[in-house]
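Structural characterization, general
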Amino acid sequence: MSRPSADRRTTRLLNALAASAATIALLAGCTSGAAADADADADSADRAGRTVDTILGEVTVPEQIDAVVVIEGRRDLDIALALGLPVVGFPIEEEGALELESPLADARAEAEANGATGLFIADEINIEAIAEAAPSLIISRSDDVEPIFDELSAIAPVLAIGEQDVSTWQDDLLLVGEATGTTDTAEALIAEYEARVAEVSASYADVIASKLVVPLGTDAEGSQVRPNRLLSNVLQDVGAQPSAAFAESIETGEGVEFGPEQLLDAHKDADGIVALVNVADEWAATQANPLWTQLPAVAAGHVVRSDKSTHEGGPITALHALDVVEALYATF
Amino acid sequence: MLVVGVLALAAVLAVATLSIFVGTRQFDPATVFGAFTGTAGEEAHAIILGQRVPRTILGIVGGAALAVGGALVQAHTRNPLADPGLLGVTAGSALAVVLAISLLGVTTPAGYLWFAFAGALVGTVLVAVFGSVATRRRDAGPASLVLAGAAVSALLGAVTGVMLLLDTATLDVYRFWTVGSLAGGRGFEALGVVWPFLVLGLLLALVQAPALNALALGDDIAQSLGRNVAGTRMLGLAAIVLLVGGAVACIGSLGFVGLVAPHLVRRLCRDDQRALVPLAAAAGALLVLVADILGRVAVAPNEIPVGITLGVLGGPAFLVLVVRSARRRSSRRRPATPQATAARRVVSS
């Protein structure tokens, strides 16, 4: 990622001018009356902001947040949209990258209607585009921002959150809520999710207790089960009974992978399958695979489909994943 | 030489049989035979006939085509370190496929096929042109050709990178091309379309083999011996494009097969292209099949794509070739260069 020194110098110059202007304004304020002093105190409190602990250290976020840029585009975007933050920029999502509609499609469309726009292609972070968006807060996965933390911090405070192997989306939602003064909304979102989990658990209690299920990614190269994907977590939240492969992945905390010959043998104990397949061609090839059609869950029709959009996310994606899980149990 | 040929064929058949018996899912021999006679269970039938047989056929055909393509490239460039991958042919093929997927929405292997051929042709021509321009000698030197290949590969790779950067949907499909795989049977569908081109490419390679012996002496001597150098070059170009384009359409851009396989048999046939071409085909098939079998058993129950296994095996092999080549060039008193061997062969024939 290039960071032209000329632009950095320009940014520093603008910062210096802004700081000078602020200093002059403060000096001018000293000559005003008591009312002006009170306003200055309020302004000072605004500038002080809220300080929170993140995985990359303490960050002070301004009280007033006018514009938010997210960099990773999954959990960070989900949380920002769910909290109603003024998102102005996010990574561009490829048209046709996934066949199924993104769980964030509606919320993102609403944000776009309010002026939000794609700033750069996912995983190709463009610092200049972020600076151009003039955010008052940047939110992203810590892995993405850590190498460019200083550059991003020169633009706006950087709120680093985790990912599926580091922290839960609930932890990160509360962190962002605390940093942005939306803790009540964050807690309400978590409560809503927990209520839906309880509802699904109660509605399908017998099926959930008696049927083994697996969230199964599959393609021509084989199949894989991961324990920390969001949809895997949602299955565990409702009390799903894991198939042998899913149980092994949960026990080890790592994914388990199988070659194409193992498709039937590795997953024949599963009564229900959430098939994680991204594109139509791959799904058609999967359904034409004789080993797939021999799977008991497939033969009995206990299969629902999702894709990688439910691997990671926040409250919006979690509720969507819960719908997928409910749809699976509804097939019994 | 006939004995060597028979042994090579027997080795291919033996490894092909092993490829059908070995996999991440274990079956006893009776079950494997039962899959062919219809007495095995549905799972065994699906795995053995639906997966192992197609990938074995793909390995044989694709490996042979890439190896013969590599042998032709090495003969025409008189560069033992040349292969279709190193000289940008597979990079051109892969770029054309990416463009087809990204810009034209082509999604079937049969659709990729023509773009794979066109890309292979463009890659071949570009490297030949740049290689000729780069060298100041009349005989293209290995360094200049490899450098030209590296430059063209970098150029094509950069364009491919930009395309993939702008279109992640294409990236998922492109993975198949970058790694190369026999799994899933996707390539088997393409093989049904490309086999006539592969057969034609192999025939062209066999037909021009005697002329390649003369070309090993240099263009002037070959011409003085009555060979049509330009015609042989065109024929070689066509064969390389047919073989490499067809193979890449089926199994992706497997690295190192075209480079290493000809060297496995070069000493056996003493650089006689008439024997080298068929023996290289057998060596290529063996190389790919063995790599695929290793990939199936190394991390069972998971698999390693054959392209990765070949990369692990082929990287060290390439380094050995480079060292050997350097030693050969530094040893001026070496009695039997390929040119000298070829000269003796041409004179005696």
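Residues numbered from 1 in each chain as written. Chains lettered and ligands numbered in written order. Predicted model: local features only at pLDDT ≥ 70, side-chain atom pairs only at ≥ 80, totals over all residues. Heavy atoms only, no water.

**Quick notes on the overall build of chain A**
- Looking only at helices and strands, one finds 17 helices and 13 strands in chain A.
- When each of the 332 residues of chain A is scored for burial, the buried share is 47%.
- About 14,700 Å² of surface is accessible on chain A, with carbon and sulfur atoms providing 50% of the total. (Helix = DSSP H or I, 4+ residues; strand = E, 2+ residues; numbered from the N terminus. Buried < 20%, exposed > 50% of the residue type's maximum accessible area, 1.4 Å probe, protein only. Areas by Shrake-Rupley, 256 points an atom, 1.4 Å probe, with all protein chains shown as cover.)

**Some remarks on the overall build of chain B**
- The helix and strand inventory of chain B stands at 14 helices and zero strands.
- Mapped from its N terminus to its C terminus, chain B presents α and β elements in the order α-α-α-α-α-α-α-α-α-α-α-α-α-α.
- Put simply, chain B has 349 residues, and 51% of those count as buried.
- Sequence-distant contacts in chain B: of pairs separated by 6 or more residues, those separated by 24 or more amount to 75%.
- When the accessible surface of chain B is split by element, carbon and sulfur atoms take 69% of a total near 15,300 Å². (Contact = heavy atoms within 4.5 Å.)

**Some points on the sheet that holds strand E5 (residues 117-121) of chain A**
All names here are of chain A.
- Across the sheet, which stays open at both edges, the five strands sit in the order E5-E4-E3-E6-E7 with parallel pairing between neighbours. The outermost strands of the open sheet, each flanked by one partner alone, are E5 and strand E7 (158-161). Here the average twist between neighbouring strands, direction ignored, is 20°.
- Bridge count for strand E6 (residues 137-141) against E7 is four bridges, and the pairing is parallel. Bridging across to E7, Arg-141 finds its partner in Ile-161.
- The strands that helix H8 (residues 169-180) touches are E6 and E7; relative to E7, the one it contacts most, it runs at about 165°. (Pairing = 2+ DSSP bridges. Axes fitted to C-alpha atoms, helices over the stretch in contact; angles between N-to-C directions.)

**What about the packing of helix H3 (residues 42-77) of chain B against helix H10 (residues 229-251) of chain B?**
Residue and element names in this part refer to chain B.
- Put simply, H3 and H10 touch, their axes get as near as 9 Å, and they point 150° apart. When the interaxial angle is binned, H3 and H10 end up roughly antiparallel. Helix-helix and strand crossings are classified by hand; for H3 and H10 the assignment is left-handed. Along its contact with H3, which presents Leu-58, Gly-62, Gly-63, Ala-65, Leu-66, Val-68, Gly-69, Leu-72, Val-73 and His-76, the element H10 presents Thr-232, Arg-233, Gly-236, Ala-239, Ile-240, Leu-243, Val-244, Ala-247, Cys-250 and Ile-251. (Parallel < 35°, antiparallel > 145°, perpendicular 65-115°, else oblique. Left-handed = near helix turned anticlockwise from the far one by under 90°.)

**Points about the pattern of salt bridges**
Residues and elements named next belong to chain A.
- Taken as a whole, this structure holds 20 salt bridges over all chains when the rule is applied.
- With a closest N to O distance of 3.7 Å, Glu-163 and Arg-141 form a salt bridge. Taken together, the positions of Glu-163 in the loop between E7 and H8 and Arg-141 in strand E6 put the pair 22 residues apart, joining distant regions of the chain.
- For the salt bridge of Asp-323 with Arg-196, the shortest nitrogen-to-oxygen distance reads 2.7 Å. In this pair, Asp-323 is assigned in helix H17 (residues 315-329) and Arg-196 in helix H9 (residues 183-203), connecting sequence segments 127 residues apart.
- Residue classification places Asp-323 among the partly exposed residues on the basis of a relative accessible area of 40%.
- A relative accessible area of 16% places Arg-196 in the buried class.
- Bridged by salt links that share partners, the residues Glu-72, Arg-74, Arg-141, Asp-144 and Glu-163 form one connected network. (Salt bridge = Lys/Arg side-chain N within 4 Å of Asp/Glu carboxyl O.)

**Section: the pairing of strand E1 (residues 50-54) of chain A**
Residues and elements named next belong to chain A.
- Pairing between E1 and strand E2 (residues 57-61): five bridges, direction antiparallel. If you follow Thr-51 over to E2, its bridge partner there is Thr-60.
- In this antiparallel pair of consecutive strands, E1 and E2, the connection spans two residues.

**Thoughts on the packing of aromatic side chains**
Residues and elements named next belong to chain B.
- Applying the stated criterion across every chain, the model contains seven aromatic pairs over all chains.
- Taking 5.6 Å as the distance between ring centres and 75° as the angle between the ring planes, the aromatic pair formed by Phe-21 and Phe-33 counts as edge-to-face. Of the two residues, Phe-21 is situated in helix H1 (residues 2-21) and Phe-33 in helix H2 (residues 29-37); the sequence distance between them amounts to 12 residues.
- Ring pairing ties together the aromatic residues Trp-114, Phe-117 and Phe-197, which thus form one cluster. (Phe/Tyr/Trp six-rings, centres within 6.5 Å; stacked < 30°, edge-to-face > 60°.)

**Examining the pairing of strand E4 (residues 87-92) of chain A**
All names here are of chain A.
- Where strand E3 (residues 68-70) meets E4, two bridges bridge the pair, whose relative direction is parallel. Looking at E4, one finds that Val-68 is bridged to Val-87.
- Each parallel crossover has a hand, and the one from E3 via helix H3 (residues 75-82) to E4 is right-handed.
- Taken together, the four bridges between E4 and E5 define a ladder with parallel strand orientation. Opposite Pro-91, over in E5, you have Phe-120 as the bridge partner. (Right-handed = clockwise from strand over helix to strand, strands pointing away.)

**Comments concerning the environment of Val-324 of chain A**
All names here are of chain A.
- Tracing the sequence through the fold places Val-324 in helix H17.
- Each C-alpha atom, one on Val-324 and one on Val-304, is 7.1 Å from the other, the two residues being 20 residues apart in sequence.
- Setting aside anything within four residues of it in sequence, one finds Val-324 in contact with Leu-231, Val-274, Val-304 and Ser-306.

**Notes on the packing of helix H11 (residues 257-266) of chain B against helix H12 (residues 273-298) of chain B**
Residues and elements named next belong to chain B.
- Taken N-terminus to C-terminus, the directions of H11 and H12 make an angle of 120°; their axes are 8 Å apart at the nearest point. Here H12 runs oblique to H11, going by the angle between their axes. Crossing of H11 against H12: the hand is right-handed. Here H11 contributes Val-257, Val-260, Ala-261, Pro-262, Leu-264, Val-265 and Arg-266 to the contact with H12, which in turn contributes Gln-273, Leu-276, Leu-279, Ala-280, Ala-283, Gly-284, Leu-287 and Val-288.
- In terms of residue class, the contact of H11 with H12 is made up of 12 nonpolar, two polar and one charged. (Nonpolar A, V, L, I, M, F, W, Y, C, P; charged D, E, K, R; others polar.)

**Here's the deal with the nonpolar core**
- Judged by nonpolar contacts, the single largest core of 84 residues is most densely connected at Ile-139, Val-238, Ile-273, Trp-292 and Tyr-329 of chain A.
- Ranked by residues supplied to this core, first place goes to H17 of chain A with eight residues.
- Counting contributing residues per domain, this core is built from domain 1 (49-181) and domain 2 (204-329) of chain A, each supplying no fewer than three.
- Once residues lying within four places of it in the same chain are set aside, the contact partners of Val-238 of chain A are Val-197, Val-200, Ser-201, Ile-208, Leu-322, Val-325 and Tyr-329 of chain A.
- With 70 residues, the next largest nonpolar core counts Leu-182, Val-194, Leu-242 and Ala-249 of chain B among its residues. (Core = buried A, V, L, I, M, F, W, Y, C linked by side-chain atoms within 4.5 Å. Domains from an automatic or database assignment.)

**Quick look at the confidence of the model for chain A**
- Counting all residues, the mean pLDDT for chain A is 87, and 84% of those residues have values of 70 or more.
- Scored below 50 in pLDDT, residues 1-43 of chain A shows 13 contacts in the model against residues more than four places distant or in partner chains. (pLDDT = per-residue confidence, 0-100.)

**Points about H9 of chain A**
All names here are of chain A.
- A rise of 1.5 Å per residue sets the reference length of H9, with its 21 residues, at 30 Å; its end C-alpha atoms lie 30 Å apart and thus fit the reference within 8%.
- Of the positions making up H9, those classed as buried are Ala-186, Leu-189, Ile-190, Tyr-193, Arg-196, Val-197 and Val-200. All buried residues of H9 project into a common sector of 120° when viewed along the axis, lining one side. Turned more than 90 degrees away from the buried face of H9, the exposed residues are Asp-184, Ala-202 and Ser-203.
- The inward-facing, buried residues of H9 contact H3, H8, helix H10 (205-210), helix H11 (230-237) and H17. (Expected span 1.5 Å × (residues − 1). Arc of directions from axis to C-beta.)

**Digging into a nonpolar patch on the surface**
Residue and element names in this part refer to chain B.
- A surface patch of nonpolar side chains, about 450 Å² in accessible area, is lined by Trp-195, Val-199, Leu-202, Leu-203 and Leu-206.
- Structurally, Leu-202 can be placed in helix H8 (residues 186-215).
- The exposure class of Leu-202 is partly exposed, given its relative accessible area of 33%. (Patch = residues over 30% accessible without salt bridge, like charges linked within 9 Å, V, L, I, M, F, W, Y side chains within 5 Å.)

**Topic: the side chain of His-267 of chain A**
Residue and element names in this part refer to chain A.
- Secondary-structure assignment places His-267 in helix H13 (residues 263-267).
- Within polar-contact distance, the side chain of His-267 engages the side chain of Ser-223 at 3.0 Å.
- Apart from the residues within four sequence positions on either side, His-267 is in contact with Val-214, Leu-216, Ser-223, Val-225, Ala-245, Phe-258, Gln-262 and Leu-295. (Polar contact = N/O pair within 3.5 Å; in protein donor to acceptor, adjacent residues only side chain to side chain.)

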